Each structure stands twice: as structure tokens, then as C-alpha cells.
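So the chains spell out like this:
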Amino acid sequence: MMLMFVFDMQGQVDAQLSQYWAIPTYYNAGASGSSDYLRINGGARLQWLGIENAPQSFLGQVDMPLNLFGKRIGVGAGLQSETMGLFSNLNINAQFSYKIKLFKGELSIGAQVGYFEQKFKGSEVEVPDDDDYHDSSDQAIPTQDLKGGTVDISAGIFYTHKYFWVGVSGLHLLEPTVKMGLEGSESTASQEYETVVPRTLYFMGGSNIPLKNTLFELQPSLMVKTDFSVFSAEITARARYNKFLSFGVGYRWKEAVMIMAGAEYKNFFVGYAYDYPLSAIAKASSGSHELLVGYKMKIDLSGKNKNKHRSIRIM
């Protein structure tokens, strides 16, 4: 049963973030440089607490805008590490986006190139002697640690406006195959196991609606994703007070309900989300916890020196 569970979970290559709106560059390369800030974000997600070897994700993202030959572009980089059962994934990437002014907003077309690595702890596989469904001598079940990697390519389109944002992206566009061989071995003859990174399509959108004569802003958002075999959708409703405190709720279709809270102070951000499962997995898990932190610094792309200097000859 453990092996069946792990096999089912290896399709979750991308982290399931309830606060997806806080790090759009994780899902869409076109979002890199979409603000006037250098943004550094990181976070961790502990999924399905109470279940042994449940997914744990850690990630970091950085992005900023640049002026190149009079054109505005965005650059970024990301790193994600995730463990799921006996599988572990590592994804490192670099992003580039080109921006165009359109309808009082900005359209950004981005691409991402990265390296995806996967490991499998075959040395920790245990098959009971009285198991009627698995044979401990079955060569299809690895009994040694495996490792493999491949190039990974993604792309996305992202549009930002004063009051809303929307993006469409495709991750793992080439649906790369990872050939795993014995860890530490350079022999290609040992590469007998393969795993496929599923192509995944994402749609995200959100808005910022100031409430007149108040310090509150409403920030609804949604995300839809599919790998063409599994479909998932979630909607989030948040409110922000005085550009300082935020709180909200969310619903992931047939999977979970979420509550979240965050705080912003100067250029720092911290956010927390708790997911309570609605499926049968609630019988074994108390839910999922997610923590995000971020820092941003204003980038001046005007090319003008705002620091005025007075000549000592006329002082």
C-alpha cells in the first residue's frame, strides 16, 4: 500500500501553495519583474500532517525589473525542494520576461529554463513477506537509491493593471522524462527506471478593490490548473487593512478549505495559511500548514539621478 501511495504522489511535481497570489513567479515566468521592486520570497509547506512521509515543500523566488536598450524586461530565479514518500525533487530555474505597455497596463511574455532532479530511496523500500500484492524479488521495485535529472522548460503570459492581474502559463512544456540510475554511478547501463514530469497548465487571476472612504481593500483571486488528467481549482477572498494586515478564506474544489492571515511592515511580508481537508484524507490528517516570508526593495528605472548637489563655489 505504501508503494501504491508513493507512485500516485509522484505526479505532484509543483508545490501546492494556498498563497499562490503572493508568489506568482513560482507558477508563471511572465510575472518576473512585474513590479517596480526587487522581490525576494521564500516559504515552506507541510502537507497532510499526521501522515508519514507526506509531501513537504520548500521554495525560494527572486525577481526584479531591468531596463535593457530602452526596453523594460524582467529577470528572476527560483529553487524548489520537495519530498514525497520515498521520492524527492529539486528544481532550479532562471526566468526572463519581455514587457509591453497595453491598455493602461503591462503585458509580459516570459520563459523559464531550469534543471529538474529526482531521487528515489530504494534502499528504504520494505515489502512484507506475507504481502499478497508485491513480490520482494520483483525487479520493477528498486531496492537501491536512484537519481536522475533533466532540462525543464516553461513559459507564461502575465498582464498587470492598476486594479487587477491575470496570467496563463505552462510548466514542464516538453513533459521531460527523468531517467534514474544508481546514485553515484555514471554507467548509463544502470538507468533502468524512468519517471515523467507531467505538463501542467495554470490560469491565475486577481484584483484589488479599494472600499471607498475606508482603509480596507478587497483582494479576490483564483487559480485553475490541470495536467490533462487531473483538474484542480481554487478561489480565495481576502481583505487588507491599511496596507498592513490581511486575512481571508479559500476553497479548493473538493479538496480543502483554507484560512489565511498576513502582515506587511515597511518592505517585509509574512503570511500563513492553514488547509483543512474535505476528502477522506481528513481521517488520517489534521491538515496542512504553509508559511511565506518576503522582502522587497524599490528599483529606480528612470535613469535620472534624484540626489541634488550644490556647488561649493556658490554656497
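Below, the structure is looked at part by part. Here the structure is a predicted model, which is why all the values come from computation and not from measurement.

### Quick look at the pattern of salt bridges
Move 1: All told, the structure shown has 14 salt bridges when counted by the stated rule.
Move 2: A salt bridge links Arg199 to Glu175; its shortest N-O distance comes to 3.8 Å. Placement of the pair is Arg199 in the loop between β9 (193-196) and β10 (200-207) and Glu175 in the loop between β7 (164-171) and β8 (177-182), with a sequence separation of 24 residues.
Move 3: By relative accessible area, which is 32% here, Glu175 ends up partly exposed.
Move 4: One salt bridge in this structure joins Arg240 and Glu217, with 3.0 Å as the shortest N-O distance. Of this pair, Arg240 sits in strand β14 (residues 231-241) while Glu217 sits in strand β12 (residues 216-218); the two residues are 23 residues apart in sequence, bridging distant segments of the chain.
Move 5: The class for Arg240 is buried, based on a relative accessible area of 13%.
Move 6: Among the residues examined, Glu217 registers a relative accessible area of 7% and is labelled buried.
Move 7: Each of the salt bridges in this network shares a partner with another, and the network as a whole consists of Asp36, Arg72, Lys101, Glu106 and Lys298.

### Brief notes about empty space enclosed by the protein
Move 1: For the coordinates displayed, the defined rule picks out two cavities of 30 Å³ or more.
Move 2: By volume, the largest cavity amounts to about 70 Å³.
Move 3: What lines the largest cavity is Asp14, Tyr26, Gln80, Asn91, Asn93, Gln112, Leu171 and His172.
Move 4: Taken together, the residues of the lining of the largest cavity break down into two nonpolar, five polar and one charged.
Move 5: Taken as a whole, the second largest cavity spans an internal volume of roughly 40 Å³.
Move 6: If you trace the second largest cavity, you find it lined by Gln19, Trp21, Arg238, Ser246, Phe247, Gly248, Met260, Ala261, Gly262, Phe269 and Gly271.
Move 7: Elements supplying a minimum of two residues to the lining of the second largest cavity: β15 (245-252), β16 (256-265) and β17 (268-277).
Move 8: Across the lining of the second largest cavity, the residue classes break down as five nonpolar, five polar and one charged.

### Here we look at the layout of surface pockets
Move 1: For the largest pocket, the calculated volume is near 1,400 Å³.
Move 2: Taken together, 43 residues form the lining of the largest pocket, with Ser35, Arg39, Gln219, Arg240 and Lys296 sitting closest to its centre.
Move 3: Those elements that place two or more of their residues in the lining of the largest pocket are β1 (37-49), β5 (105-121), β6 (145-160), β7, β14, β16, β17 and β18 (287-298).
Move 4: Here the element with the most residues in the lining of the largest pocket is β18; it accounts for four residues.
Move 5: Here the lining of the largest pocket is composed, by residue class, of 13 nonpolar, 14 polar and 16 charged.

### Thoughts on the environment of Ser221
Move 1: One can find Ser221 in strand β13 (residues 221-226).
Move 2: Between the alpha carbons of Ser221 and Gly205 there is a distance of 5.5 Å; along the sequence they are 16 residues apart.
Move 3: The contact partners of Ser221, leaving out residues within four places of it in the chain, are Tyr20, Trp21, Trp165, Gly205, Gly206, Glu234, Ile235 and Thr236.

### So, the environment of Gln61
Move 1: Structurally, Gln61 can be placed in strand β2 (residues 56-68).
Move 2: Exposure remark for Gln61: the relative accessible area of 4% places this residue in the buried category.
Move 3: Residue contacts for Gln61: discarding those within four places in its chain leaves Ile23, Thr25, Tyr26, Arg39, Ile40, Asn41, Ala77, Gly78, Leu79 and Gln95.
Move 4: Of the polar contacts made by the side chain of Gln61, one reaches the side chain of Thr25; its length is 3.3 Å.

### Describing the nonpolar core
Move 1: Judged by nonpolar contacts, the single largest core of 20 residues is most densely connected at Leu17, Tyr20, Tyr26, Tyr27, Leu59, Met204 and Met223.
Move 2: If you list the elements that add at least two residues to this core, you get β7, β10 and β16.
Move 3: The element that contributes the greatest number of residues to this core is β16, accounting for three residues.
Move 4: Here Met223 is in contact with Gln16, Leu17, Tyr20, Tyr27, Tyr202, Phe203, Met204, Ser232, Ala233 and Glu234, once residues within four sequence places are set aside.
Move 5: Judged by nonpolar contacts, the second largest core, of 13 residues, contains Val127, Ile141, Met180 and Tyr193.

### Considering the side chain of Gln95
Move 1: Examined against the element boundaries, Gln95 turns out to sit in strand β4 (residues 87-102).
Move 2: For Gln95, a relative accessible area of 5% translates into the label buried.
Move 3: A polar atom in the side chain of Gln95 sits 2.8 Å from the backbone oxygen of Thr25.
Move 4: Within polar-contact distance, the side chain of Gln95 engages the side chain of Gln112 at 2.7 Å.
Move 5: Non-local contacts of Gln95, meaning those with residues more than four positions away in its chain, are made with Thr25, Ala29, Ser32, Gln61, Gly74, Val75, Gly76, Ala111 and Gln112.

Procedures and definitions
Residues numbered from 1 in each chain as written. Predicted model: local features only at pLDDT ≥ 70, side-chain atom pairs only at ≥ 80, totals over all residues. Heavy atoms only, no water. Salt bridge = Lys/Arg side-chain N within 4 Å of Asp/Glu carboxyl O. Helix = DSSP H or I, 4+ residues; strand = E, 2+ residues; numbered from the N terminus. Buried < 20%, exposed > 50% of the residue type's maximum accessible area, 1.4 Å probe, protein only. 1 Å grid on protein atoms, 1.4 Å probe; cavity = no way out; pocket = protein on both sides within 12 Å on 5 of 7 lines; lining within 4 Å. Points joined across faces, edges and corners; volume = space filled by probe spheres on them. Nonpolar A, V, L, I, M, F, W, Y, C, P; charged D, E, K, R; others polar. Contact = heavy atoms within 4.5 Å. Polar contact = N/O pair within 3.5 Å; in protein donor to acceptor, adjacent residues only side chain to side chain. Core = buried A, V, L, I, M, F, W, Y, C linked by side-chain atoms within 4.5 Å.

Read these as geometric descriptors, not functional statements.
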